[in-house]
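Commentary on secondary and tertiary structure
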Amino acid sequence: MGSCAGHTRDSWHPYIVLLDTAVLQFSFIDLPEDLQGQSHLYMIGDTKDGKLCIVAAIEFTLFIWLRRADADGVDKWMLESMIELDREVLQATEGSREEHEELKVFAILDGIVYMSTYETFRDATLPCWYLSFCLETRKLEKLLFGKTDGHKHPYIMAWPSSLVSNNLDP
């Protein structure tokens, strides 16, 4: 299932457009109230078990929303958790707050949040750390160090068959 954020032409009411790729049908759901008008702060993705989630990074804190039924049985966005990553990021990158001003989430795939350190007040093309954070285990991992040109997008690729072990005897 794919998704993107948008609004209606006549009401400017923020919503998320979902595409169910199994039946090629679109549907719409509202954004959490806290994120309405804040499109640069969050990314939409899925958890390891395929549930829709939204992750926003404000400085070094991740805010995680999941869609769940409330007490009346109505599905709505609920803030699942707020995770402070300041200490973990600075320890992993061996950097300081002066070097890394905040985190920028750029993808969420199968419960893994992909993000980078981001320099808002200095040159945004300075090198930064690319990191991953598992929503299930709450483990932060350092991926690579490089320039942030805004064009990094993770994807999942199968191993080439020549690298996969063949258990058949010749």
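As a reminder, the structure under discussion sits directly above these lines.
Summary of the structure given here. (Residues numbered from 1 in each chain as written. Predicted model: local features only at pLDDT ≥ 70, side-chain atom pairs only at ≥ 80, totals over all residues. Heavy atoms only, no water.)

**A few points about the overall build of the protein**
The helix and strand inventory of the protein stands at one helix and 11 strands. Secondary structure elements of the protein occur, N-terminal to C-terminal, as β-β-β-β-β-β-β-α-β-β-β-β. Evaluated residue by residue, the protein yields a buried proportion of 34% over its 170 residues. In the protein, of all internal contacts separated by at least 6 residues, the share reaching a separation of at least 24 is 30%. Accessible area of the protein: about 11300 Å², with a carbon and sulfur share of 54%. (Helix = DSSP H or I, 4+ residues; strand = E, 2+ residues; numbered from the N terminus. Buried < 20%, exposed > 50% of the residue type's maximum accessible area, 1.4 Å probe, protein only. Contact = heavy atoms within 4.5 Å. Areas by Shrake-Rupley, 256 points an atom, 1.4 Å probe, with all protein chains shown as cover.)

**Remarks on the nonpolar core**
Judged by nonpolar contacts, the single largest core of 20 residues is most densely connected at Leu62, Leu85, Leu103, Val105, Val113, Met115 and Phe133. Contact partners of Val113, with chain neighbours within four places excluded, come to Val55, Val105, Ala107, Ile108, Leu131, Ser132, Phe133 and Leu135. Ile16, Leu18, Leu52 and Ala56 belong to the second largest nonpolar core, which has 13 residues in total. (Core = buried A, V, L, I, M, F, W, Y, C linked by side-chain atoms within 4.5 Å.)

**Some thoughts on the pattern of salt bridges**
Under the counting rule described, the total for this entry stands at five salt bridges. For Asp49, the salt bridge is made with Lys51, and the minimal N-O distance between the two is 3.8 Å. The class for Asp49 is exposed, based on a relative accessible area of 58%. Arg87 is the salt-bridge partner of Glu88, the closest N and O atoms lying 3.6 Å from each other. Glu88 gets classed as partly exposed once you look at its relative accessible area, which sits at 28%. (Salt bridge = Lys/Arg side-chain N within 4 Å of Asp/Glu carboxyl O.)

**Thoughts on the sheet that holds strand S5 (residues 52–58)**
Taking strand neighbours across the sheet as the criterion, the four strands line up as S4-S5-S6-S7 in an open arrangement whose pairing is antiparallel. Looking at strand neighbours, the two that pair on one side only are strand S4 (42–46) and strand S7 (75–84), the edges of this open sheet. Strand-to-strand twist across the sheet, computed as the mean angle between neighbouring axes with direction ignored, equals 25 degrees. Where S4 lies against S5, five bridges are found, and the strand directions are antiparallel. Paired with Gly45 across the strands is Cys53, a residue of S5. (Pairing = 2+ DSSP bridges. Axes fitted to C-alpha atoms, helices over the stretch in contact; angles between N-to-C directions.)

**Brief notes about the packing of aromatic side chains**
For any pair of aromatic rings, the description rests on two quantities: the centre-to-centre distance and the angle between the ring planes. Per the counting criterion, the structure on display carries three aromatic pairs. For Lys142, the ring lying beneath its charged end belongs to Trp129, and the centroid distance is 4.7 Å. (Phe/Tyr/Trp six-rings, centres within 6.5 Å; stacked < 30°, edge-to-face > 60°. Lys NZ or Arg CZ within 6 Å of the ring centre and 35° of its normal.)

**Topic: the side chain of Thr47**
Summarising the element assignment, Thr47 is placed in the loop between S4 and S5. Looking at Thr47, the relative accessible area reads 13%, which means it is buried. Within polar-contact distance, the side chain of Thr47 engages the side chain of Asp49 at 2.3 Å. Once you skip the residues sitting within four places of it in the chain, Thr47 turns out to touch Cys53, Leu66, Asp110 and Gly111. (Polar contact = N/O pair within 3.5 Å; in protein donor to acceptor, adjacent residues only side chain to side chain.)

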